[in-house]
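Single-letter residue listing:
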Amino acid sequence: MSELALDEMSVLSAIYCEKDEFELLEKSEKGFVFCIQMELEAATSERTLLSLLFQLPTEYPHCVPEISVSSEQLSRKQCQHIKQSLLEKASALEPEPMVYELLLWLQQNFTELTLNDQSQVKEVEEEGGEEETWIALFLIDHMRSKTKYIKTIEKWSSELGLTGRLFWGKLILVLLQGARRSIKEYIHLQRTVKVDVDSSGKRCKEKMMRVLCETQVSDLKRLRISSAFLYEFVS
């Protein structure tokens, strides 16, 4: 990871220093993954809490960061539109540290971006035609609010066009199948949205979720998961 990216991370953590505003999720030889939460004024004049996940690869800032956007107050289509707009803005910038500039641009244009007549999303087509199918296996740390947690997983899976299984036993496992970008979006939601409660009953994020496996399965012709998300008990 370049010194420029390291310096930018330090600046961002200093600027977004309030509780839950900045969170470093991963640091490895592949780069940084971090989340920034911002409260912005939408077209309805209401304050909207927006969660942005940035992945900075080792080539950054000579390539644009990967970005995911989520919000409980916006539709998935609006979040996708914001994400697409940020990526287009990033592509137009010079190859220099750009995350803070993107965040400032988002603050200035958020109202316009959330207008209903501008919430159309450009479909991202995979090179080579039909998008490949991927499968991912996650380990969940705990489910204290079990019913609500399961309904949240079902909702996200349905909205993202994913199929899968939830296995409950000594370990809590989630198996998902679908488009890779949808699986990436699910991982972002799982890590940044408050989906459960802690030991005191306060809402909390699933910070301990682990990705055990993520791989392409287009060559495994016999592997099929039904169109519904199912819950299974495993002893």
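Residues numbered from 1 in each chain as written. Predicted model: local features only at pLDDT ≥ 70, side-chain atom pairs only at ≥ 80, totals over all residues. Heavy atoms only, no water.

1. Describing unusual backbone geometry
Put simply, Y60 and P61 share a cis peptide bond, and its omega is 10 degrees. Mapping P61 onto the fold places it in the loop between strand 3 (47-57) and strand 4 (66-70). The backbone of D20 shows a phi angle near 70 degrees, a positive value even though the residue is not glycine. Within the secondary structure, D20 is located in the loop between helix 1 (3-15) and strand 1 (22-28). (Helix = DSSP H or I, 4+ residues; strand = E, 2+ residues; numbered from the N terminus.)

2. Section: the side chain of Q37
Among the secondary structure elements, Q37 is positioned in strand 2 (residues 31-41). Residue Q37 is classed as buried on the basis of its relative accessible area of 13%. In this structure the side chain of Q37 is engaged in a polar contact, spanning 3.3 Å, whose partner is the backbone oxygen of D20. If near-sequence neighbours (up to four positions away) are discounted, Q37 is found in contact with D20, E21, L49, L50, S51 and K205. (Buried < 20%, exposed > 50% of the residue type's maximum accessible area, 1.4 Å probe, protein only. Polar contact = N/O pair within 3.5 Å; in protein donor to acceptor, adjacent residues only side chain to side chain. Contact = heavy atoms within 4.5 Å.)

3. Describing the sheet that holds strand 4
The strand order across the open sheet built from four strands is 1-2-3-4, with neighbouring strands paired in antiparallel fashion. Edge positions in the open sheet fall to strand 1 and strand 4, since each of these has one partner strand only. Looking at each pair of strands side by side, their axes are set apart by 20 degrees on average, direction ignored. One ladder, built from five bridges, connects strand 3 with strand 4; its direction is antiparallel. Directly across from S51, in strand 4, lies its bridge partner S70. The strands that helix 1 touches are strand 1, strand 2 and strand 3; relative to strand 2, the one it contacts most, it runs at about 35 degrees. Along the sheet, helix 3 (residues 99-113) contacts strand 2, strand 3 and strand 4; its crossing angle with strand 2, the most-contacted strand, is approximately 25 degrees. (Pairing = 2+ DSSP bridges. Axes fitted to C-alpha atoms, helices over the stretch in contact; angles between N-to-C directions.)

The values reported here are purely geometric and, on their own, carry no functional implication.
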